[in-house]
Amino acid sequence: MKHYFKCIFTAAILLMFFCYTPVVKSQALKTNIPFILTGNPNFGIEWTVGRQLTINTDIMWMPYLFKKNEEVFRVLVGSLDFRYYLNPKYYYTNDLWDGFYVGPYAMAGNFNIGLKNKDEEKTSYRRKGWGMSAGVTAGYKFYLSSRFRIDVNIGVGYALLEYDKYQLGGEYANFAEEIKKTKNYVGPTKIGVSFVYNIFR
């Protein structure tokens, strides 16, 4: 199953790049507002590759490390969306589309997460590994001005996680109790409320 999913993930990325044309008509920079407000740096860019078609990329980092209880919450994830605007709204001096869009996405990243169990008598663990996801994203881009937009979207798909499991803290903190454990998930995998700045009006 893992190798099958890797093949699908690779094929999705290749498909998106094959659909790309070097004639980039315009670009926009963006940041996901909820992540920024919670202290998670993130950055995105969207560019037009054809009529009603854009490619969108995002990267996000959660950098948290709490030394007191040796807790950690670190995630680095990137995604690539291929968007088709169903009923695009075009503003004369801007070649980026607005309105409702839908399309496939691929996402990958790594993580190192370990939070202390509230029950002191239970052992706390951290999980370190990587993950991939692919599915469908849909959203709506709201026009604010010739330069600015608000982009709201959600992605639903299949995710695969593989990780090693460690005790959180203590003398065995760096010795994995379990290795290459996997977890499969189907459902919402990404969400965004992004503030968008159009480079070219």
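Note: the structure precedes this text.
Now for a look at the structure at hand. (Residues numbered from 1 in each chain as written. Predicted model: local features only at pLDDT ≥ 70, side-chain atom pairs only at ≥ 80, totals over all residues. Heavy atoms only, no water.)

## Some words on the packing of aromatic side chains
Scanning the entire structure with this criterion turns up six aromatic pairs. Ring plane angle 5 degrees and centroid distance 6.2 Å describe the contact between Tyr 64 and Phe 66, whose orientation is recorded as stacked. Looking at Tyr 64, the relative accessible area reads 25%, which means it is partly exposed. According to the relative accessible area criterion, Phe 66 is partly exposed, its value standing at 40%. Arranged with centres 5.6 Å apart and planes meeting at 50 degrees, the rings of Phe 148 and Tyr 197 form a pair that is tilted. You can see Phe 148 sitting in strand E7 (residues 148-167) and its partner Tyr 197 sitting in strand E8 (residues 178-198), a full 49 residues away along the chain. Exposure remark for Phe 148: the relative accessible area of 29% places this residue in the partly exposed category. Aromatic ring contacts, followed pair by pair, group Phe 148, Phe 195 and Tyr 197 into a single cluster. Over the aromatic face of Tyr 166 sits the side chain of Arg 126, whose NZ or CZ is 4.2 Å from the ring centroid. One residue, Lys 165, lies across the ring of Tyr 125, its end atom 4.2 Å from the ring centre. (Phe/Tyr/Trp six-rings, centres within 6.5 Å; stacked < 30°, edge-to-face > 60°. Buried < 20%, exposed > 50% of the residue type's maximum accessible area, 1.4 Å probe, protein only. Helix = DSSP H or I, 4+ residues; strand = E, 2+ residues; numbered from the N terminus. Lys NZ or Arg CZ within 6 Å of the ring centre and 35° of its normal.)

## Regarding unusual backbone geometry
Backbone phi values are negative for most residues with the exception of glycine, while trans is the configuration of most peptide bonds. In this structure, Lys 180 takes a positive phi of about 50 degrees despite not being glycine. As for its position among the elements, Lys 180 is in strand E8.

## Brief notes about the sheet that holds E7
Reading around the barrel, the eight strands line up as E1-E2-E3-E4-E5-E6-E7-E8 and close back on themselves, with antiparallel pairing between neighbours. For this sheet the average axis-to-axis angle between neighbouring strands, irrespective of direction, equals 20 degrees. (Pairing = 2+ DSSP bridges. Axes fitted to C-alpha atoms, helices over the stretch in contact; angles between N-to-C directions.)

## Some thoughts on the pattern of salt bridges
Taken as a whole and judged by the stated rule, the model has 10 salt bridges. Asp 81 is paired through a salt bridge with Lys 190; the nearest N and O atoms lie 3.0 Å apart. Residue Asp 81 is located in strand E4 (residues 71-85), and its partner Lys 190 is located in strand E8; the two are separated by 109 residues in the primary sequence. Lys 190 carries the same exposure label as Asp 81, and that label is buried. Here Lys 181 ties to Glu 178 by a salt bridge, and the two come within 3.2 Å at their closest N and O atoms. Salt bridges here are not isolated pairs; linked through shared partners, they connect Lys 30, Glu 46, Asp 81, Arg 83, Lys 141, Asp 151 and Lys 190. (Salt bridge = Lys/Arg side-chain N within 4 Å of Asp/Glu carboxyl O.)

## Concerning the environment of Ser 133
The residue Ser 133 is located in strand E6 (residues 125-143) in this model. The buried category is assigned to Ser 133, whose relative accessible area is 3%. The spacing of Ser 133 and Lys 190 is 57 residues in sequence and 9.6 Å in space, taken between C-alpha atoms. A polar side-chain atom of Ser 133 sits 2.8 Å from a polar atom in the side chain of Tyr 105. Polar side-chain contacts of Ser 133 include one of 3.1 Å to the backbone oxygen of Tyr 158. (Polar contact = N/O pair within 3.5 Å; in protein donor to acceptor, adjacent residues only side chain to side chain.)

Coordinates in, geometry out; function isn't part of it.
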